[in-house]
Amino acid sequence: MKKFNPLKLILGLLAVTTFMSTAGAITGTLAWYAYVTRATLSYSGTSVNSTIQLQVGICSDHQVEGMPAGVTEKQYDGDPSYYYFAKPGSGLSSSIITTYLDSTNYATNSLQAVTSGSYVKGGALSLKKSPNEVVHDHSVPATHGQYVFLPLVFRVLQSDTPDEDDYVSGSELWLTGSTARASGGEAVDGNIYKALRAFIDRDTTVYGANSAFIFNPSATGDASATTVGGILDLSGDSYYDFERVGNHDEEIIFGEYTSVGGVSADGYDGEDVFYDINGTGITDRRTTFTAKHYPSVNYYSNYNSCVFKTAAYETLTSIAPVRDPADGLSNADPAHPTSICTTADASDHYLGRVNITVYLEGWDHSVIDDEIDHRFDLGLTFEINRVDI
């Protein structure tokens, strides 16, 4: 096996108009917002040359009816799953993805802002609904219809007309590129794309326990984290939400924290202006994160005495493989590989497996009223090392 230029596969996600009247969409004053996706997920792939092919598919626990022409349904002896493979090198089209998602309880044409809550790399993902004036923390699980879940499989072919023994075992696949952007440019479609997250749940039989991670496709630089706590204006009245505590009213700390403190001893009696306590950079108007202090309510002027929990995420920089002069790829730290899957041997049909969950993180500062009706695109690029036949 010889390493050559990598093979690329591109994933695209398109979201369009938010329909606030759509049944089931979260609207009103107590929640984050829903973003409708028409072409929920689409793939396109190309091979480096005609002798090397990367094949992508979906692993389903049920038979899917109505798959488009060209899709191969496959079952293996002793394996109850159904596998749906696109033609080698062609990738998965949006129609293939949509057909699969239509057969599940997961989102097909709508993504609603949810939250991972506090998250440490290697942990399991447990998406939660937004907090509200009644439920202040992250204790209500998100429903499957609020996000997208894809159980992907990959295999590497050694010939143009493979049989069951013509696939490559031990071939690693890396996530090496991402494009997250406003469909019509930020002047038209704002910044909601910055709230996109992809949870990469790797095969524990290959990578061991605690190998999953959240990926932020729009982030640059090193790994970082999203703060998942703070005061908010979820009621939409331009004032930070508050509640009765003992004999006074006090602003509500939503989300998760290690410790909180620093609320004023007296009610607010200052100017009727917007405060950017959450550090969004917006100071001239109301958003979910930017609001006014209500008169006579005990308030937070800063978070100096608060320690909020965070949701750690990886970036392209933090998971990037090492690229040698011949354009071959390898893990920067072999003991802690950043590849997202590795093709198995014959015992698992030469498949590389990875589950990807795509969602909107509601604690991202992009999830505000201004973003309603905005559109976004998401693209992910995967690469493998070419195999010399």
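Residues numbered from 1 in each chain as written. Predicted model: local features only at pLDDT ≥ 70, side-chain atom pairs only at ≥ 80, totals over all residues. Heavy atoms only, no water.

Peer 1: An account of the pattern of salt bridges is requested, with residue identities and associated values reported.
Peer 2: Between side chains of opposite charge, a pair can form as their charged atoms come close. What the rule picks out here adds up to 10 salt bridges. Asp-364 serves as the salt-bridge partner of Arg-197, at 3.1 Å between the closest nitrogen and oxygen. Here the residue Arg-197 occupies a position in strand S10 (residues 196-202), and Asp-364 occupies one in the loop between strand S23 (352-361) and strand S24 (376-387), the gap between them amounting to 167 residues. In this structure, Arg-285 and Asp-284 form a salt bridge, with 3.0 Å as the shortest nitrogen-oxygen distance. Under the relative-accessibility criterion, Asp-284 is labelled exposed at 56%. (Salt bridge = Lys/Arg side-chain N within 4 Å of Asp/Glu carboxyl O. Helix = DSSP H or I, 4+ residues; strand = E, 2+ residues; numbered from the N terminus. Buried < 20%, exposed > 50% of the residue type's maximum accessible area, 1.4 Å probe, protein only.)

Peer 1: I'd love a proper account of the confidence of the model for the protein chain, names of residues and values included.
Peer 2: This prediction gives the protein chain a mean pLDDT of 83; 83% of its residues lie at or above 70. This stretch, residues 1-31, has a pLDDT under 50; its non-local contacts, to residues over four places away or in other chains, come to 125 contacts. Counting contacts from residues 34-52, a segment whose pLDDT is below 50, to residues more than four positions away or on other chains yields 98 contacts. (pLDDT = per-residue confidence, 0-100. Contact = heavy atoms within 4.5 Å.)

Peer 1: How would you sum up the side chain of Glu-251? Please name residues and give values.
Peer 2: Along the polypeptide, Glu-251 turns up in strand S15 (residues 248-251). At a separation of 2.6 Å, a polar atom in the side chain of Glu-251 contacts the side chain of His-293. (Polar contact = N/O pair within 3.5 Å; in protein donor to acceptor, adjacent residues only side chain to side chain.)

Peer 1: I'd like to hear about the layout of surface pockets, residue by residue, with values.
Peer 2: Of the voids in this model, the largest pocket is the one considered here, and its volume is about 250 Å³. Lining the largest pocket are 16 residues, and of these Lys-121, Arg-202, Ala-335, His-336 and Pro-337 lie nearest its centre. In terms of residue class, the lining of the largest pocket is made up of 8 nonpolar, 5 polar and 3 charged. Counted as a void, the second largest pocket has a volume near 180 Å³. (1 Å grid on protein atoms, 1.4 Å probe; cavity = no way out; pocket = protein on both sides within 12 Å on 5 of 7 lines; lining within 4 Å. Points joined across faces, edges and corners; volume = space filled by probe spheres on them. Nonpolar A, V, L, I, M, F, W, Y, C, P; charged D, E, K, R; others polar.)

Peer 1: Residue-level account of the environment of Lys-129, with values.
Peer 2: With respect to the helices and strands, the residue Lys-129 is situated in the loop between strand S7 (110-114) and strand S8 (148-157). Judged by its relative accessible area of 30%, Lys-129 falls in the partly exposed class. Each residue touching Lys-129, except ones within four places of it in the same chain, is listed here: Thr-115, Val-140, Pro-141, Ala-142, Thr-143 and Gln-146.

Peer 1: Requested: an account of the pairing of strand S9 (residues 172-182), with residues and values cited.
Peer 2: Direction of pairing for S9 relative to strand S22 (residues 341-342): antiparallel, over a ladder of 2 bridges. Within the sheet, the bridge partner assigned to Leu-173 lies in S22 and is Cys-341. Note: S9 against S24, 9 bridges, orientation antiparallel. Looking across to S24, one finds that Ala-180 is bridged to Leu-378. (Pairing = 2+ DSSP bridges.)

Peer 1: Now, about unusual backbone geometry: what can you tell me, with residues and values included?
Peer 2: For His-349, which is not a glycine, the phi torsion comes out positive at approximately 65 degrees. Mapped onto the fold, His-349 is located in the loop between S22 and S23. What makes His-349 buried here is its relative accessible area of 13%. A positive phi angle, close to 60 degrees, is found at Tyr-350, a residue other than glycine. Along the polypeptide, Tyr-350 turns up in the loop between S22 and S23.

Peer 1: With reference to specific residues and values, describe the packing of aromatic side chains.
Peer 2: This structure, assessed with the given rule, holds 12 aromatic pairs. Pairing Tyr-106 with Phe-149 gives two aromatic rings, centres 5.2 Å apart and planes at 35 degrees, and the pair type is tilted. With Tyr-106 in the loop between helix H1 (94-102) and S7 and Phe-149 in strand S8, the pair connects residues that are 43 residues apart, well separated along the chain. Ring geometry for Phe-242 versus Tyr-294: centroids 5.1 Å apart, planes at 40 degrees, classification tilted. Here the residue Phe-242 occupies a position in strand S14 (residues 242-245), and Tyr-294 occupies one in the loop between strand S17 (257-259) and strand S18 (307-308), the gap between them amounting to 52 residues. Phe-242 gets classed as partly exposed once you look at its relative accessible area, which sits at 30%. Residue placement shows Arg-155 over the ring face of Phe-85; its charged tip is 3.9 Å from the ring centre. For the cation-ring pair, Arg-202 lies above Tyr-207, with the distance from its terminal atom to the ring centre recorded as 4.5 Å. (Phe/Tyr/Trp six-rings, centres within 6.5 Å; stacked < 30°, edge-to-face > 60°. Lys NZ or Arg CZ within 6 Å of the ring centre and 35° of its normal.)

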